[in-house]
Amino acid sequence: MLWVAAMSELARPALSVVAPCYNEQEVLPEFLRRVGTVLDAAGGTAEVVLVDDGSRDGTWDVMTAAAAADPRIVAVRLMRNHGHQLALTAGLSVCRGERILIIDADLQDPPELLPDMMALMNQGADVVYGQRRQRDGESLFKRATASGFYRLINRLTDVDIPADAGDFRLVTRRVLDLLLAMPERHRFFRGMVAWIGGRQVPLHYDRHARVAGESKYPLSKMIRFAADAITAFSVVPLMASMTIGWVMAAVGFGFFLYSIIGWLMDANLPGWTSIMAALGLLGGMQFLMLGIIGAYLGRLYDQSKQRPLFMIRDIVGGPK
Ligand code: UDP
Ligand code: MG
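All values reported here derive from a predicted model rather than from experimental measurement.

Colleague: Talk me through the overall build of the protein; I want residue IDs and the actual numbers.
Modeller: In terms of helices and strands, the protein carries 11 helices and seven strands. In terms of overall size, the protein is more extended than a compact globule, its C-alpha atoms giving a radius of gyration of 26 Å where 320 residues would be expected to give roughly 20 Å. Here the C-alpha coordinates of the protein stretch approximately 95 × 55 × 35 Å along the principal axes. Looking at the 320 residues of the protein, the share that counts as buried comes to 44%. Pairs at least 24 residues apart make up 81% of the contacts formed inside the protein by residues separated by at least 6 positions. Mean positive and mean negative side-chain charge positions of the protein (33 and 32 charges, respectively) differ by 3 Å.

Colleague: Describe helix α8 (residues 189–196), listing the residues and the values that go with them.
Modeller: Counting along an α-helix, one turn takes 3.6 residues, and residues three or four places apart therefore face a common direction. Along α8, seven of the eight residues are buried, which leaves the element largely enclosed by surrounding structure. Residues of α8 that are buried include every one of Phe 189, Arg 190, Gly 191, Met 192, Val 193, Ala 194 and Ile 196, and no others.

Colleague: An account of the layout of surface pockets is requested, with residue identities and associated values reported.
Modeller: To find leftover empty space, a probe the size of one water molecule is rolled over the atoms. In this structure, the second largest pocket encloses a volume near 310 Å³. Taken together, 14 residues make up the lining of the second largest pocket; nearest its centre are Trp 195, Asp 302, Gln 303, Lys 305 and Arg 307. Along the lines of polarity and charge, the residues of the lining of the second largest pocket split into seven nonpolar, three polar and four charged.

Colleague: Explain the pattern of salt bridges residue by residue, including any values.
Modeller: Applying the stated rule across the entire model yields 13 salt bridges. When the shortest N-O distance is used, the salt bridge between Glu 47 and Arg 96 registers 3.7 Å. A residue pair is termed long-range when its members are at least 10 positions apart, and Glu 47 in strand β2 (residues 46–52) and Arg 96 in the loop between α4 (84–94) and β4 (99–102) qualify at 49 residues. With relative accessibility at 34%, the residue Arg 96 sits in the partly exposed group. Between Lys 305 and Asp 302 there is a salt bridge, with its nearest N and O atoms 3.4 Å apart.

Colleague: Tell me about the site of ligand 1, residues and numbers included.
Modeller: Taken together, 19 residues form the shell around ligand 1, and within it Glu 24, Asp 53, Asp 106, Ser 215 and Lys 216 come nearest. In the environment of ligand 1, an oxygen atom lies 2.8 Å from a nitrogen or oxygen atom belonging to the backbone of Pro 20. Contact between ligand 1 and Gln 108: an oxygen atom at 2.7 Å from a side-chain N or O atom of the residue. Taken by itself ligand 1 offers 530 Å² of open surface, and the protein chains cover 95% of this. Considered class by class, the residues forming the shell around ligand 1 number five nonpolar, five polar and nine charged.

Colleague: Before we move on, could you go through a nonpolar patch on the surface and cite the residues and values that matter?
Modeller: Together, Leu 238, Ile 244, Met 248, Phe 287, Leu 290, Ile 293, Leu 297 and Leu 300 make up an exposed nonpolar region whose accessible area comes to about 700 Å². Elements represented by at least two residues in the nonpolar patch include exactly α10 (236–264) and α11 (272–304). Counting residues per element, the nonpolar patch draws most heavily on α11, at five residues.

Colleague: Please set out the coordination of the magnesium ion (ligand 2) residue by residue, giving values where relevant.
Modeller: With distances of 1.9 to 2.0 Å, the protein atoms coordinating the magnesium ion (ligand 2) are Asp 106 (OD) and Gln 108 (OE1). Assessed through its relative accessible area of 4%, Asp 106 is described here as buried.

Conventions adopted
Residues numbered from 1 in each chain as written. Chains lettered and ligands numbered in written order. Predicted model: local features only at pLDDT ≥ 70, side-chain atom pairs only at ≥ 80, totals over all residues. Heavy atoms only, no water. Helix = DSSP H or I, 4+ residues; strand = E, 2+ residues; numbered from the N terminus. Rg over C-alpha atoms; globule rule 2.2 N^0.38 Å. Buried < 20%, exposed > 50% of the residue type's maximum accessible area, 1.4 Å probe, protein only. Contact = heavy atoms within 4.5 Å. Lys, Arg positive; Asp, Glu negative; His and termini not counted. Charge placed at Lys NZ, Arg CZ, Asp CG, Glu CD. 1 Å grid on protein atoms, 1.4 Å probe; cavity = no way out; pocket = protein on both sides within 12 Å on 5 of 7 lines; lining within 4 Å. Points joined across faces, edges and corners; volume = space filled by probe spheres on them. Nonpolar A, V, L, I, M, F, W, Y, C, P; charged D, E, K, R; others polar. Salt bridge = Lys/Arg side-chain N within 4 Å of Asp/Glu carboxyl O. Near = heavy atom within 4 Å. Polar contact = N/O pair within 3.5 Å; in protein donor to acceptor, adjacent residues only side chain to side chain. Areas by Shrake-Rupley, 256 points an atom, 1.4 Å probe, with all protein chains shown as cover. Patch = residues over 30% accessible without salt bridge, like charges linked within 9 Å, V, L, I, M, F, W, Y side chains within 5 Å. Donors = N, O, S within 2.8 Å, 3.2 Å for Na, K, Ca; no water.

Written out as structure tokens, the structure is:
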């Protein structure tokens, strides 16, 4: 058993390329060709982990044929469509490399940036993330919603999630192991990487249009993605009821006083006082109580994510 562990440790390739694929049969051959060229030029041991996320086209056949022809290629198939983030997680838990390149299969992110990313990592980066300078072939709507989304999430959360960065990035094994140790179900990958910290360095590049096929992110999926991102990193929406609660409690108490004073001065219609006093007080109190529940629920939610309390980047020195 120990021997097996030692062997697999020895057999760790220097680099893993991990790409989730959903109905990508048109682009996969070109993707593998370009990645292969990059890996050949880079030298060193490498593997390419392709995850078939329940595709309904010929993606799996393309993958298995490629894996048969090239020992570097590992094909992984999921039981059904799990969505991009979970397909990626599956690939990441299978890969064995010392460094891991995460890339989409549609060639929107050029694999040719690998040498530059490697160079930045050689200088001590834990994460090198691609940051887009321009986005070809994406609608104004997609660009506008994306930029609004990053502004919103950075206001609501206390992790600095870089704008215009997708999941295209090179990470160290250390960072990957920390990521895989996070058991949360709704994974907002780029937020989780940002949350880990360490030295994270951007690499600017121009994002191209898809080589073939179409985006699998329609508006409905984008909204769900945004909701996952915000709720995974922020309980601000939950706590918002607390703020509203204080305001409503104050307004309600004002109404209560106003109606009582009116009653004392005999200026109220019969029955009005009791209704308004009860409405004001109860309405305000209810909002406040909802806020308090939100505060506890938010903390419970944070705890239930079971993230590690701290993460050590490395330890130098000490007993050998
Ligand atoms: N993808 C996936 N499962 C899905 C949707 C997408 O594995 O349910 C993959 C897809 O094959 C691609 C990557 O995730 O490699 C990004 O998807 P896409 O290009 O459609 O998103 P966009 O670039 O338009 O945001
Ligand atoms: Mg794409």
